Amino acid sequence: MNTPAEPTDDGRGGPQDGPSAGTSPPGPPAVPGAAPATASGEGADDRRAVTGRRRIAFAAYTDAGRVPGLLTLLRSLALTNPDLCEDFLVLHPGLPGSAFDAARRLHPRLVPRVAESRLDVFRATGYDTVVALDPGMVVLGSLLPLLALRTGVAGVPRPGPGGGAAVPDGGLLVIQSQDVTDTALAALATGGEGAVDRALSSAGLLEPLGSRYDVPAGPLHDDTPVPASTVVLRFDEECAASAPARAARERYEMTDGAFRAAFCALPGPKHPELLLHCALPFPEGERAPVDLVRQVAEVHRQQGRHDEAVALLTDAVAGRPDLPRCHETLGVSLMALSRYEEAEAHLLLATVSPDFAARAYGQLARLAWLLGRTEDARAYAAEGLDADPTDGNCHAWYVRTAPSPAVVPAAAPAPADEQLAHVALFADGQENAGDKVLPEAVRMCFGPDTGPARWYERSVHRLVDGAALEELNARRGVVVGGGGLFLPDTAPNGNSGWQWNIPDGILARVTAPLAVFAVGYNVFDGQRYRRERFAESLRTLVATSAFFGLRNRGSVERVRELLPEELRDRVRYQPCPTTVARHLDPRRDDDGHRDDTVLVNCAYDRAGLRFGHDYGHFLAETAAAVRAIGTRAEVRYAAHMPADERFVHDLRREHGIALPVEPLYLFTNDRIRELYRRTRLVIGMRGHAGMIPFGCGTPVISLVSHPKLAYFLSDIGRPDWGVSVHDRSLGARLAERAAAVLDDHRAAVADVHGRQEHLWSVTRDNLAGLRDLFGLPDPFSAPPAPHVPGPRAAGAARGLHLPDTRTK
């Protein structure tokens, strides 16, 4: 599961978006390793070794006398790049920790580290990309283009002795750590004036930058304005600066209070960490501007701190019914805490404004549907469409809640005690194609009848109350899954902290045999979330379940970390049933005929967490791969959701390549499987853009932007079938691997079939126990195949994306 099946929980995109595609998510500490959890149990999920996500930092070397310059640099960086917040590595000769107290008040991610000199930015820092600045600099423009650089060491060469060009030791540098060779390090070890230039020259590393990124303040005449194109202005201690240059610097010499006020007053997007750092705590005795309070609350909400958002907004809207935008955010936050009655009251207050009515009604429709009030949900959606006939969220809820047409059932429903209850995310309409195929695949594991006669369907997002509990307990068993349901922000609720909206007290009263089947831990690399409620619910879930199977060994490992020792062994491996589709319905096995096509798929939910600063690189590299693969087969695009089609638009606009689109979100499950069965190769970013074709017997290459893709490839012993979206040689790797598959396609298909056998063996073993649990016959009449061991490479997915030594 990649995206929500229900219409989005927030008309604005809300918590599912994360940082923008051009902004890296909050990162871990400088030295590789998991980010430590805070006292509240909150921390960034760190799986960079799996996804290949770049670690980026700014750096500056300072001694005691240059700390004031460092403060000015930090202020200028924040005020000119408010949507940018990377780690800031402060190298120093051994200053006491208190020397950086003032700097910590200006930047939330300061990392002091003892160093011999500024040259230590070239040595092992724990970062992939380091932008080396200097306390004598001020930032006047956007540094985002520097973070997109991927090769060598970039700097601004200056005229040197004898008419040559040299990079000054104190100049701006953008260092790609994997390119710093032993030759360069040896040249740096000699030290002295010009060490940087000698190192870059001897190793051939210099990537010239435009002069605007390092403009000396000294040579300017006293009345010459600083060029408007200047991005970084550098002051040398030995050179006097011009009056305009000094004025440019003095703009950032201010008190902490003035800096915080200036940052909060900036228009446009701000990085959530910087906003919280500068806005909080609000000054005592003063009433903070309502819009600023709402912005801070919105950051809390998007980062899963719904209780803090509610606390802020409750005070802000007290006695103020005239703040519809605040009431809307408060209502959504209350809904995420499962305080539904209060949420409905505030959302109704938000509908009084024509500007926010449709969005608020969309939220009200979702709230009513969560509580089982389908008629109210449809009425709210209709009100929203009256307010704005173009509102997509209200339209989706209006369609979803339409009365079912009167049809004669193919078979009379079985008695409740002969049915299985299925708790899952059920997609319909133009929703995620993978989430349409998955529930049916789960049911096929238990027999050929996947319809309502044998299955009682319950959406995972709807509240389980006493009445719903009775319906579940009336069944012969309850199956929860599959899909990546262990995700905190797709449809947040205060009852469980993951997608099943069930309170612990209700969960503990489930008496029907409960099986958690092929569920995945879907937290994104770099995503922050609070673990306490989720961990508590997880313990109750594992203790209550008769079977607890997760769809990859990476998820097994991650979930076991959150459980007490006595429950860890109950967590077992159960592959996603989409990966064994050929065995679940052997009548549809491939017959050898395939179209001469290659299908590509990309995903854009939480784009900042997927791509960081590398989206432009990803697009250019995949464009090159598409051109190369297109000489061998027709390349088409498989869109699992309408939003996936952004890739096609961006590829055409930026690189002049037009791809035909297969809108899988409009297809039936059989047609989706048939499309994947008939193509020769699938290059996919969504989890099910890899698992479904693999299950149909089709070779796959995964574009790894989420740990789950690498986990699956590790399970089948084929980590080489994945390429990180951050890989510097992405285009060449994709073209090379695609060519290998297409050149010996028969062997590639046989490899897929062979690796399926282990997944099917595990699934058959698990189903044997589940049939006994539920009292079901064996739906697969053939004698069970002998146990097939897993591939030798299977295990924890670690270090799957190593540096590309070929570029050195």
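It should be noted that the structure appears before, not after, this text.
This one's a predicted model, so the numbers in the text were calculated from it and none came from an experiment.

Some points on the packing of aromatic side chains
Turning to step 1, where the next piece is worked out: Inspection of the entire model under this criterion finds 20 aromatic pairs.
Turning to step 2, where the next piece is worked out: Note on Phe 611 and Phe 618: the rings are 5.1 Å apart at their centroids and 40° apart in plane angle, and the pair reads as tilted. Each member of the pair, Phe 611 together with Phe 618, is buried.
Turning to step 3, where the next piece is worked out: Considering the side-chain rings of Phe 618 and Phe 647, the 6.2 Å spacing of their centres and the 55° angle between planes classify their relative orientation as tilted. On the criterion of sequence distance, the pair formed by Phe 618 in helix H25 (residues 615-629) and Phe 647 in helix H26 (residues 646-655) is long-range, its members being 29 residues apart.
Turning to step 4, where the next piece is worked out: Across the ring face of Tyr 398, the terminal group of Arg 378 is positioned such that the distance to the ring centre comes to 3.7 Å.
Turning to step 5, where the next piece is worked out: The positively charged end of Arg 475 is found above the aromatic ring belonging to Tyr 456, 4.1 Å away from the centroid.

Points about the packing of H25 against helix H30 (residues 730-743)
Turning to step 1, where the next piece is worked out: Packing of H25 against H30 leaves a shortest axis separation of 7 Å and a crossing angle of 30°. Considering the angle they form, H25 stands roughly parallel to H30. Here H25 and H30 pass one another in a crossing that is right-handed. Where H25 abuts H30, its residues Phe 618, Glu 621, Thr 622, Ala 625, Ala 628 and Ile 629 lie against Leu 730, Gly 731, Ala 732, Leu 734, Ala 735, Ala 738 and Leu 742.
Turning to step 2, where the next piece is worked out: The class makeup of the residues in the contact of H25 with H30 is 10 nonpolar, 2 polar and 1 charged.

Overview of unusual backbone geometry
Turning to step 1, where the next piece is worked out: In this model, Leu 280 is joined to Pro 281 through a cis peptide bond whose omega is -5°.
Turning to step 2, where the next piece is worked out: Examined against the element boundaries, Pro 281 turns out to sit in the loop between helix H9 (272-279) and helix H10 (290-302).
Turning to step 3, where the next piece is worked out: Residue Gly 481 is joined to Gly 482 through a cis peptide bond whose omega torsion reads -5°.
Turning to step 4, where the next piece is worked out: With respect to the helices and strands, Gly 482 occurs in the loop between strand S16 (477-480) and strand S17 (483-486).
Turning to step 5, where the next piece is worked out: Phi at Ala 518 is positive, roughly 60°, even though this residue is not glycine.
Turning to step 6, where the next piece is worked out: Residue classification places Ala 518 among the buried positions, given a relative accessible area of 0%.
Turning to step 7, where the next piece is worked out: Of note in the backbone geometry, Arg 606 takes a positive phi value of approximately 50° without being a glycine.
Turning to step 8, where the next piece is worked out: If you trace the backbone, Arg 606 turns up in the loop between strand S22 (597-601) and helix H24 (607-611).

A few points about the pattern of salt bridges
Turning to step 1, where the next piece is worked out: Scanning the model with the defined rule gives 53 salt bridges in all.
Turning to step 2, where the next piece is worked out: In this structure, the salt-bridge partner of Arg 673 is Glu 440, at a minimum N-O distance of 3.0 Å. Of the two residues, Arg 673 is situated in helix H27 (residues 669-678) and Glu 440 in helix H17 (residues 433-444); the sequence distance between them amounts to 233 residues.
Turning to step 3, where the next piece is worked out: Residue class for Arg 673 comes out buried when judged on its relative accessible area of 8%.

Re the pairing of strand S14 (residues 420-424)
Turning to step 1, where the next piece is worked out: The element S14 is largely enclosed, with a buried count of 5 among its 5 residues.
Turning to step 2, where the next piece is worked out: The pairing of S14 with S16 spans 4 bridges and is parallel. Residue pairing for S16: His 422 is matched across the bridge by Val 479.
Turning to step 3, where the next piece is worked out: For the segment spanning S14, H17 and strand S15 (residues 455-459), crossover handedness is right-handed.

Quick notes on the pairing of strand S20 (residues 547-550)
Turning to step 1, where the next piece is worked out: Every second residue of S20 is oriented toward a common face, with Phe 547 and Gly 549 on one face and Phe 548 and Leu 550 on the other, all of them buried.
Turning to step 2, where the next piece is worked out: Sheet topology note: the S20/strand S21 (residues 572-573) ladder contains 2 bridges and is parallel. By the bridge assignment, Gly 549 is partnered in S21 with Arg 572.

Some details on H17
Turning to step 1, where the next piece is worked out: The end-to-end C-alpha separation of H17 is 17 Å, in line with the 16 Å expected for 12 residues at 1.5 Å each.
Turning to step 2, where the next piece is worked out: The buried count for H17 comes to 11 of 12 residues, which makes it a mostly enclosed element.
Turning to step 3, where the next piece is worked out: Taken together, the buried positions of H17 are occupied by Ala 433, Gly 434, Asp 435, Lys 436, Val 437, Leu 438, Pro 439, Ala 441, Val 442, Arg 443 and Met 444.
Turning to step 4, where the next piece is worked out: You can read the cap of H17 off the contacts: a side-chain oxygen lies 3.0 Å from the backbone nitrogen of Gly 434, and it is on Asn 432.

Thoughts on helix H2 (residues 67-80)
Turning to step 1, where the next piece is worked out: Look at H2: 20 Å from first C-alpha to last across 14 residues, which is about the 20 Å you get at 1.5 Å a residue.
Turning to step 2, where the next piece is worked out: Most of H2 is tucked away: 13 of the 14 residues are buried.

Thoughts on the sheet that holds strand S2 (residues 56-61)
Turning to step 1, where the next piece is worked out: Across the sheet, which stays open at both edges, the 7 strands sit in the order S4-S3-S2-S5-S10-S7-S11 with mixed pairing between neighbours. Edge positions in the sheet fall to strand S4 (110-114) and strand S11 (206-208), since each has one partner strand and no second. The mean inter-strand angle of the sheet, taken between neighbouring strand axes irrespective of direction, is 25°.
Turning to step 2, where the next piece is worked out: Most of the contacts of H2 go to strand S3 (residues 87-92), to which it runs at about 170°, and overall it touches S2, S3 and S4.

How each quantity is defined
- Residues numbered from 1 in each chain as written.
- Predicted model: local features only at pLDDT ≥ 70, side-chain atom pairs only at ≥ 80, totals over all residues.
- Heavy atoms only, no water.
- Phe/Tyr/Trp six-rings, centres within 6.5 Å; stacked < 30°, edge-to-face > 60°.
- Buried < 20%, exposed > 50% of the residue type's maximum accessible area, 1.4 Å probe, protein only.
- Helix = DSSP H or I, 4+ residues; strand = E, 2+ residues; numbered from the N terminus.
- Lys NZ or Arg CZ within 6 Å of the ring centre and 35° of its normal.
- Axes fitted to C-alpha atoms, helices over the stretch in contact; angles between N-to-C directions.
- Parallel < 35°, antiparallel > 145°, perpendicular 65-115°, else oblique.
- Left-handed = near helix turned anticlockwise from the far one by under 90°.
- Contact = heavy atoms within 4.5 Å.
- Nonpolar A, V, L, I, M, F, W, Y, C, P; charged D, E, K, R; others polar.
- Salt bridge = Lys/Arg side-chain N within 4 Å of Asp/Glu carboxyl O.
- Pairing = 2+ DSSP bridges.
- Right-handed = clockwise from strand over helix to strand, strands pointing away.
- Expected span 1.5 Å × (residues − 1).
- Polar contact = N/O pair within 3.5 Å; in protein donor to acceptor, adjacent residues only side chain to side chain.

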